[in-house]
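# Geometric and topological summary
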Amino acid sequence: MAREYTPHEIDRKWQEQWAADRLYEAKDDDRRPKFYALTMFPYTSGDLHIGHWYAMAPSDVYARFKRMRGYNVLHPMGFDAFGLPAENAAISRGIHPCVWTMRNIENMRRQLKSIGAVYDWSREVITCLPEYYRWTQWFFLKLHQAGLAYRVKAPVNWCSRCQTVLANEQVVGDGLCERCDTPVTKKELEQWFFRITRYAEELLNYSGVEWPERIKAMQKNWVGRSEGAEISFRLEHEGGGQQEMKVFTTRPDTVFGVTFFLLAPEHPLVESLTASEHKAEVEEYVDWCRRQSEYERVASGRQKTGVFLGSYAVNPLSGERVPVWIADYVLPTYGTGAIMGVPAHDERDLEFARKFHLPVRVVIASADWSGEEPLEAYAGPGTMVNSGQFTGLSSEQGFEAVCDLLEDKALGKRMVTYHLRDWLISRQRYWGTPIPVVHCHRCGIVAVPEKDLPVLLPDDAEFRPTGESPLEHCQSFVNTACPVCGGSARRETDTMDSFVCSSWYFLRYTSPDTMNAPFDTAKMKSWLPVDSYTGGAEHAVMHLLYARFFTKALRDVGLLEFDEPFTRLYNQGTIIYQSDKMSKSRGNVVAPDKYVAELGADAVRGYLMFIGPWELGGEWSDRGIVGISRWLNRVWSLVTTDYAVRGVDPAAEKELLHLLHKTIKKVTADLEDFRFNTMLASLMECTNHLSKVKERGIVADSLWSDVVTSFLLLMAPAAPHLAEELWTRTGHPYSIHNQRWPEHDEELASDEEITLAIQVNGKLRDKVVVPASISEHEAKELALGSERVKAHIDGKRIDKVIYVPKRVVNIVVTQTPSAS
RNA sequence: GGGGGAGUGUCGGAACUGGCAGACGAGCAUGACUUAGGAUCAUGUGCCGCAAGGCGUGGGGGUUCGAGUCCCCCCUUCCCCA
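On a predicted model such as this, the values are computed, not experimentally measured, just so you know.

What follows deals with the sheet that holds strand E1 (residues 34-39). Judged by pairing direction, the sheet is parallel, and its four strands sit side by side in the order E2-E1-E27-E28 without closing on themselves. Taken across any chain shown, the strands that pair with only one partner, and hence form the sheet edges, are strand E2 (72-74) and strand E28 (566-572). Pairs of neighbouring strands in the sheet enclose a mean axial angle of 20 degrees, with direction left out of account. Judged from the three bridges that link them, E1 and strand E27 (residues 530-536) form a sheet pairing that is parallel.

Below you can see the structure in the form of structure tokens.
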């Protein structure tokens, strides 16, 4: 007699068995086609919540499906282990970051195993271990040699109270220090950068990858390509020095509308362009600007501020002389740090002109322009007016004509700019990969030789709540000898942004034990690129863009031969709980452990897939999960209780076979497209039908067990533990997860009989069950003969009859004017 | 302000290239078995109407024999960028 379904026992039993048998370890040498299925590895925050399961479970179902479809699947897992929270834990709780991190990994690994995924744990990668980060350092050296890593002064977030640099994520609210609420300002410091801008154009090319439009749009937005022109303005000022200044504009066709010229307050030319009588005012304003955050400065709707410098710029095309001002909304980091002010055609320029009573001149007429000074800036296309020889041209023609003239007279040129800035990788933190360079008094910046890698993080650093990197104060680390001259030198104390670590981890999975290189080239070549990469959309512009850049850079260094790391990308949605995004900081995390213990891993996996389309996310509900749990229970008793034939009905047998093949077809197609919710719905429909068949005992014994066998195979990816247990109990050889996926028979899957809808003027009036092979003529005759239809067409003129094969007959009638 | 999604029963959601709206599940109702149950099984469940029938996919227009699906305008909401 069948026992009760006890998921917690079954889960543990099979997880142990699979691990003991190394069932899921990927073989490097295998004849089957490879498939690299990757899920973004988690940050080691400490606990795996339902949101993580939502990322992991469906992608595991997909990897399992691919295995059964005959692929040699690589499905690894690891940990993104460097980062600030570990350091904060050290400061607030006195635990060493390394201890905190490794303890979290222990717990998370245990939780990850409870999902029952096909992870190949023998390939686990942890980014904070020296055997990993020595290669992160090695890549840094390669990029440095290639001129892709450089050090330069750059404005960074600075807290004047803590006397320290803050990462962007430590700037909270409207630009406040997360620790002491002091407004964060910018300060110029030497920082390390990766030259991602060199790849700006290539990063906009997505040919050969299958990525969601949404992510591509976000990245394109981020890279921010704009076409325009660089134009030189001659400067008139009392001092000597520079006599011209370049600006970039996307609208060279508006150049006749320039009525003022703006510089960023930090611009190096400000001093020499300031007339003596304006000096005091300018200095005061520049000082004030330094205390503003970038966020405040560019915020729309903000009252415009600025100061006249007392000098002038001359428009190269109109010859007009316009005043030079400085304004905080012009940022030194964009373009040349200067702009031409065209108030009639730029919203912010218009606000500025209004505030300081500067002239507004319309040079592009919109279709409905009255000739008056406009109330709003018009940024659209139109006809050029007030523009000298260009008057009358369309703005598009004007764009080209102005550029041609500028180029002829060497006053400017066509130019493409990008919003993308180089990737600032320096962090003034302890818990990260040390940047492998030393500063020598004599030789300057010297790269650590490859043979001296890794530069180890010292573990005796002291953690003080100053916000400064403990490495600064760690003498044993800082003091070293110059690798070139042997003289005394200081180590770089900056560590790398942890996004550097995650830019190449997918390469390491292919050969995590390789000691003399970041990866074994042959193995890497056989697995890469990643076929399916899944994870949260929040990584659209950081991780995913950096990983693409890294891949291209390593290709150019000669280490890789492909252009894109992730062929197919898919982003699952967000799980919310109590109408809020689930997160530790909001305190609304749902721990899976309780549900796993009560209802089993398969129920939790199943419920997460059943909520809705994976892409859209959804709300976790304690109530909803019982539906899946009940279904698993029904499957259990359906398979474990005896089947008894009462009387075979050939029609029922045919129908059962038909349903099975339809289900195989549907489940296969849904899995291929990540439509997990509808896959489960069709498995449930199949279950419902099986229950009825079983109750009546109307199919032969052998057919029943064949159908159950196929059904279990279809369930195996979604409910791996239950499927394995039932597979064994129905007398099949272990393991179900090494079986071939069932194939559907197109003939059996297709409908023999269909329901034809009969409409009159588009309204449903009758339905008839007919053979699928029905001819158009027969269908129309049938429709016209229907009793229900007659009532709606009698006495009316039939204009036409539309027949859509296998779907609908629509009879179009008009009321004949009756002689009533 | 720019870019990208999403609006369908009481709820989560189905619906291939335009062709029977509401699959599957939850909830609810009634019944059965149970002393009891957050268990199991059966039946019902978009709205109005006794019925015939009518109305229904955020709102308003349009294209079409036919629109949840296509086009235009508007509203609400979520995400990203500013």
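What follows continues from the structure just given.
What surrounds RNA strand B is a group of 31 residues, the closest being Ile611, Met684, Lys767, Arg807 and Asn810. Near-protein atoms of RNA strand B (within 4 Å) split between backbone and bases, with sugar and phosphate holding 64%. Here Asn677 contributes a side-chain N or O atom positioned 2.9 Å from a phosphate oxygen of RNA strand B. Within the contact set of RNA strand B, a base nitrogen lies 3.4 Å away from a side-chain nitrogen or oxygen of Gln759.

Averaged over chain A, the pLDDT score is 88; the fraction of residues at 70 or greater is 95%. Here the predicted complex carries an ipTM of 0.92, next to a pTM of 0.89.

The end-to-end C-alpha distance of helix H4 (residues 97-114) is 26 Å, a good match for the 26 Å that 18 residues give at a rise of 1.5 Å each. For H4, the complete set of buried residues consists of Pro97, Trp100, Thr101, Asn104, Ile105, Met108, Arg109, Gln111, Leu112 and Ser114. At the exit of H4 stands Gly116, carrying a positive phi of roughly 75 degrees.

Mapping His543 onto the fold places it in helix H17 (residues 543-557). Judged by its relative accessible area of 4%, His543 falls in the buried class. Among the polar contacts listed, one links the side chain of His543 to the side chain of Tyr533, at a separation of 2.7 Å. Setting aside chain neighbours within four positions, we find His543 in contact with Met40, Phe499, Ser502, Tyr505 and Tyr533.

One turn of the α-helix equals 3.6 residues, which is why residues spaced by three or four share an orientation. Where burial is concerned, most of helix H19 (residues 601-610) is hidden: nine out of the 10 residues are buried. Of all the residues in H19, the buried ones are Ala601, Asp602, Ala603, Val604, Arg605, Gly606, Tyr607, Leu608 and Met609.

Next up on the list: the packing of aromatic side chains. Under the defined criterion, the tally for this structure stands at 53 aromatic pairs. Where Trp423 meets Tyr546, the ring centres are 3.7 Å apart and the plane angle is 0 degrees; that geometry is what we call stacked. Linking Trp423 in strand E19 (residues 423-424) with Tyr546 in helix H17, this pair joins segments that are 123 residues apart in sequence. The class of Trp423 is buried, set by a relative accessible area of 2%. Here the aromatic rings of Tyr533 and Phe566 are separated by 4.0 Å at their centres, their planes lie at 25 degrees, and the arrangement is stacked. Of this pair, Tyr533 sits in strand E27 while Phe566 sits in strand E28, and the two are 33 residues apart along the sequence. With a relative accessible area of 0%, Tyr533 lands in the buried category. We note Arg321 situated over the ring of Tyr312; from NZ or CZ to the ring centre the distance is 3.9 Å. A cation over an aromatic ring shows up here: Arg491 above the ring of Phe477, its NZ or CZ 5.8 Å from the ring centre.

Reading across from one edge, E20-E26-E21 is the order of the three strands in this open sheet, with antiparallel pairing throughout. Across the chains shown, the open sheet's two edge strands, defined by having one partner strand only, are strand E20 (426-427) and strand E21 (433-434). With two bridges connecting them, E21 and strand E26 (residues 495-496) associate as antiparallel partners. Bridging across to E26, Pro434 finds its partner in Thr495.

Moving on, we get to the pairing of strand E23 (residues 444-447). Pairing of strand E22 (residues 437-440) with E23, which is carried by four bridges, proceeds in the antiparallel orientation. Considered in E23, the bridge of His439 is made with Ile445. The hairpin formed by E22 and E23 contains three residues between the paired strands.

Attention now moves to the side chain of Lys694. Relative to the elements of secondary structure, Lys694 occurs in helix H22 (residues 676-696). Here Lys694 occupies a buried position and makes no salt bridge, while the nearest side chain of opposite charge, Asp642, is found at 7.2 Å. In contact with Lys694, other than residues within four places in its own chain, are Ser637, Leu638, Thr641, Asp642, Tyr643 and Trp704.

With that settled, consider the pairing of strand E9 (residues 185-194). As paired strands, strand E5 (residues 149-159) and E9 are joined by 10 bridges and run antiparallel to one another. Bridged to Trp158 within E9 is Thr185. Relative to E19, E9 is paired through two bridges, and the arrangement is antiparallel. Counterpart to Phe194 in the pairing with E19 is Trp423.

The next subject is the nonpolar core. One finds Phe140, Phe194, Tyr505, Phe506, Leu507, Phe550 and Trp620 to be the most contacted residues of the largest nonpolar core, which totals 174 residues. In this view, Phe140 contacts Ala149, Trp192, Phe194, Ile425, Ile435, Pro436, Val437 and Met496; residues no more than four positions away in its chain are not counted. If you look at the next biggest cluster of nonpolar residues, it comprises 37 residues, including Ile231, Met245, Val247 and Val270.

This paragraph deals with the pattern of salt bridges. Tallied over the entire structure, the rule returns 45 salt bridges. A salt bridge links Arg251 to Asp253; the shortest N-O distance between them is 2.8 Å. Several salt bridges converge on common partners, so that one network encompasses Glu202, Arg548, Lys552, Arg555, Asp556, Asp563 and Glu564.

So, on to the state of the cysteines. The full count for this structure, using the stated rule, is zero disulfides. Looking at the unpaired Cys474, the closest cysteine sulfur is the one in Cys98, lying at 15 Å. Residue Cys474 is classed as buried on the basis of its relative accessible area, which comes to 6%.

Looking now at the packing of helix H20 (residues 625-640) against helix H23 (residues 701-715). It is the contact of H20 with H23, at a shortest axis distance of 12 Å, that shows an interaxial angle of 150 degrees. By the angle class used here, H20 and H23 are roughly antiparallel. For the element pair H20 and H23, the recorded crossing hand is left-handed. Residues Trp631, Leu632, Val635, Leu638 and Val639 of H20 touch H23, and the partners they reach there are Trp704, Val708, Phe711, Leu712 and Met715. Taken together, the residues that form the contact of H20 with H23 break down as 10 nonpolar, no polar and no charged.

This brings us to the environment of Gln137. Mapped onto the fold, Gln137 is located in helix H5 (residues 130-145). Distance from Gln137 to Thr433, taken between C-alpha atoms, is 7.2 Å for residues 296 residues apart in sequence. Not counting residues up to four positions away in its chain, the partners in contact with Gln137 are Thr433, Pro434, Pro436, Leu453, Pro454, Val455 and Met496.

The rules behind these values
- Residues numbered from 1 in each chain as written.
- Chains lettered and ligands numbered in written order.
- Predicted model: local features only at pLDDT ≥ 70, side-chain atom pairs only at ≥ 80, totals over all residues.
- Heavy atoms only, no water.
- Pairing = 2+ DSSP bridges.
- Helix = DSSP H or I, 4+ residues; strand = E, 2+ residues; numbered from the N terminus.
- Axes fitted to C-alpha atoms, helices over the stretch in contact; angles between N-to-C directions.
- Near = heavy atom within 4 Å.
- Polar contact = N/O pair within 3.5 Å; in protein donor to acceptor, adjacent residues only side chain to side chain.
- pLDDT = per-residue confidence, 0-100.
- Expected span 1.5 Å × (residues − 1).
- Buried < 20%, exposed > 50% of the residue type's maximum accessible area, 1.4 Å probe, protein only.
- Contact = heavy atoms within 4.5 Å.
- Phe/Tyr/Trp six-rings, centres within 6.5 Å; stacked < 30°, edge-to-face > 60°.
- Lys NZ or Arg CZ within 6 Å of the ring centre and 35° of its normal.
- Lys, Arg positive; Asp, Glu negative; His and termini not counted.
- Salt bridge = Lys/Arg side-chain N within 4 Å of Asp/Glu carboxyl O.
- Core = buried A, V, L, I, M, F, W, Y, C linked by side-chain atoms within 4.5 Å.
- Disulfide = S-S within 2.5 Å.
- Parallel < 35°, antiparallel > 145°, perpendicular 65-115°, else oblique.
- Left-handed = near helix turned anticlockwise from the far one by under 90°.
- Nonpolar A, V, L, I, M, F, W, Y, C, P; charged D, E, K, R; others polar.

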